[in-house]
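What follows is the residue order along each chain.
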Amino acid sequence: MTKATTSADPRPYHHGDLHRAIVGAALDVLSESQSTEFSLRELARRAGVSHNAPYKHFADKRDLLAAVSAVGFELLARQMADATKEHDSPRERLAAMARAYVRGGVNNPALYRLMFGGYLSGQDNGRPTIERTAAENMKALLVGAIRDGALGRLIPNSAANTHQIDGAILIFWSQMHGLTLLLVDRLVGPSEKTDDLSESVLQGMLDGLANSIPSLPPGVWIGPPPADSMVETVNLRTS
């Protein structure tokens, strides 16, 4: 008499912290493969749970990758904050954050592209809320250094100075983001000179910002689009 076979997955559905385990598995696969072409089934296998278990926390792969991107922003913010601990000068703090920012992207290009690319943007140009919150926390580090005098003078973080602070962040971000992608794509190198290159680019940028900070025009945002702009976009498309 033959024993009946079954295709049921013998691995348990429950996990002590399934959400963290699946996101951790995704971060590992992303780092190893430098590709987002993996399945939730593969992550479940790595986490030691049934292939249906991830759907308890994530509606689909985009939902999962939003959580992965949010963790990426949290990790990058932590690296930037840790880099400033030995520096008292606001300018030195901003320089340390710049080096940490570029290094983070160069060390894990796939995660960086997920965080700052268009993969997670929806039809309304919006980004997932969980990712937006983490990105805003990272932006706050830059605001703090600029407010405290990194550009050669104090710039209080007030409504009157919002466009000026955002203008400085746009210049900083454009320079550091561009350098990161040039290094990742090997159009600038070698990667061993990442810190030196970051320092050179930043110091030139800061010298310019010390003389003139561009004030952004009304209606311009820095970072993920605010909720009201997404509603406005949808209205324009449907009118």
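Residues numbered from 1 in each chain as written. Predicted model: local features only at pLDDT ≥ 70, side-chain atom pairs only at ≥ 80, totals over all residues. Heavy atoms only, no water.

- By the naming in an unreviewed UniProt entry, the protein chain goes by TetR/AcrR family transcriptional regulator and is assigned to Ensifer oleiphilus.

## A word on the overall build of the protein chain
Part 1 of the argument: The helix and strand inventory of the protein chain stands at nine helices and zero strands.
Part 2 of the argument: Listing every helix and strand of the protein chain by position from the N terminus yields α-α-α-α-α-α-α-α-α.
Part 3 of the argument: For the protein chain, with 239 residues in total, the buried portion stands at 41%.
Part 4 of the argument: The long-range share in the protein chain, meaning contacts at least 24 apart out of those at least 6 apart in sequence, stands at 72%.
Part 5 of the argument: When the accessible surface of the protein chain is totalled, it reaches about 13,000 Å², and 52% of it is carbon and sulfur. (Helix = DSSP H or I, 4+ residues; strand = E, 2+ residues; numbered from the N terminus. Buried < 20%, exposed > 50% of the residue type's maximum accessible area, 1.4 Å probe, protein only. Contact = heavy atoms within 4.5 Å. Areas by Shrake-Rupley, 256 points an atom, 1.4 Å probe, with all protein chains shown as cover.)

## Details of the pattern of salt bridges
Part 1 of the argument: One pass over the full model with this rule turns up ten salt bridges.
Part 2 of the argument: Here arginine 20 and aspartate 17 are joined by a salt bridge, their closest N and O atoms 3.1 Å apart.
Part 3 of the argument: Assessed through its relative accessible area of 63%, arginine 20 is described here as exposed.
Part 4 of the argument: Close ionic contact of aspartate 148 with arginine 147 constitutes a salt bridge, the shortest N to O distance being 3.1 Å.
Part 5 of the argument: Linked by salt bridges that have partners in common, Arg93, Arg147 and Asp148 make up one network. (Salt bridge = Lys/Arg side-chain N within 4 Å of Asp/Glu carboxyl O.)

## Describing the UniProt feature "DNA-binding region" (unreviewed entry) in the protein chain
Part 1 of the argument: In the numbering adopted here, UniProt assigns the feature "DNA-binding region" (unreviewed entry) to residues 39-58.
Part 2 of the argument: In residues 39-58, helix accounts for 40% and strand for 0%; the two terminal C-alpha atoms are 12 Å from one another. (UniProt positions renumbered as here; feature names shortened; annotations may be inferred.)

## Concerning the nonpolar core
Part 1 of the argument: Counting residues in hydrophobic clusters, the biggest one holds 65 residues, and the most contacted among them are Leu64, Val68 and Tyr101.
Part 2 of the argument: Mapped onto this core, the elements with two or more residues apiece are α1 (18-33), α2 (40-47), α3 (61-83), α4 (90-107), α5 (109-116), α6 (129-147), α7 (162-184) and α8 (194-211).
Part 3 of the argument: When we break this core down by domain, the ones giving at least three residues each are domain 1 (16-58) and domain 2 (61-223).
Part 4 of the argument: If near-sequence neighbours (up to four positions away) are discounted, valine 68 is found in contact with Val23, Ala26, Leu27, Leu30, Leu111 and Leu114. (Core = buried A, V, L, I, M, F, W, Y, C linked by side-chain atoms within 4.5 Å. Domains from an automatic or database assignment.)

## Some words on unusual backbone geometry
Part 1 of the argument: Here the bond from glycine 189 into proline 190 is cis, since omega is 5°, no more than 30 degrees from zero.
Part 2 of the argument: Mapped onto the elements, proline 190 comes out in the loop between α7 and α8.
Part 3 of the argument: Even without being glycine, glutamine 34 reaches a positive phi, approximately 55°.
Part 4 of the argument: Tracing the chain through its elements places glutamine 34 in the loop between α1 and α2.
Part 5 of the argument: A positive phi angle, close to 60°, is found at arginine 186, a residue other than glycine.
Part 6 of the argument: Structurally, arginine 186 is set in the loop between α7 and α8.

## Observations concerning the environment of glutamine 164
Part 1 of the argument: Mapping glutamine 164 onto the fold places it in helix α7.
Part 2 of the argument: Through-space distance from the C-alpha of glutamine 164 to that of isoleucine 213 is 6.5 Å; in sequence the pair is 49 residues apart.
Part 3 of the argument: Once residues lying within four places of it in the same chain are set aside, the contact partners of glutamine 164 are Arg153, Ile155, Ile213, Pro214 and Ser215.

## Concerning the packing of α1 against α3
Part 1 of the argument: Interhelical geometry of α1 versus α3 gives an angle of 75° and a closest axis separation of 10 Å. Here α1 is positioned roughly perpendicular relative to α3, judged by the angle of their axes. Touching His19, Ile22, Val23, Ala26, Leu27 and Leu30 of α1 are Leu64, Ala67, Val68 and Val71, all from α3.
Part 2 of the argument: Residues that form the contact of α1 with α3 fall into these classes: nine nonpolar, one polar and no charged. (Axes fitted to C-alpha atoms, helices over the stretch in contact; angles between N-to-C directions. Parallel < 35°, antiparallel > 145°, perpendicular 65-115°, else oblique. Nonpolar A, V, L, I, M, F, W, Y, C, P; charged D, E, K, R; others polar.)

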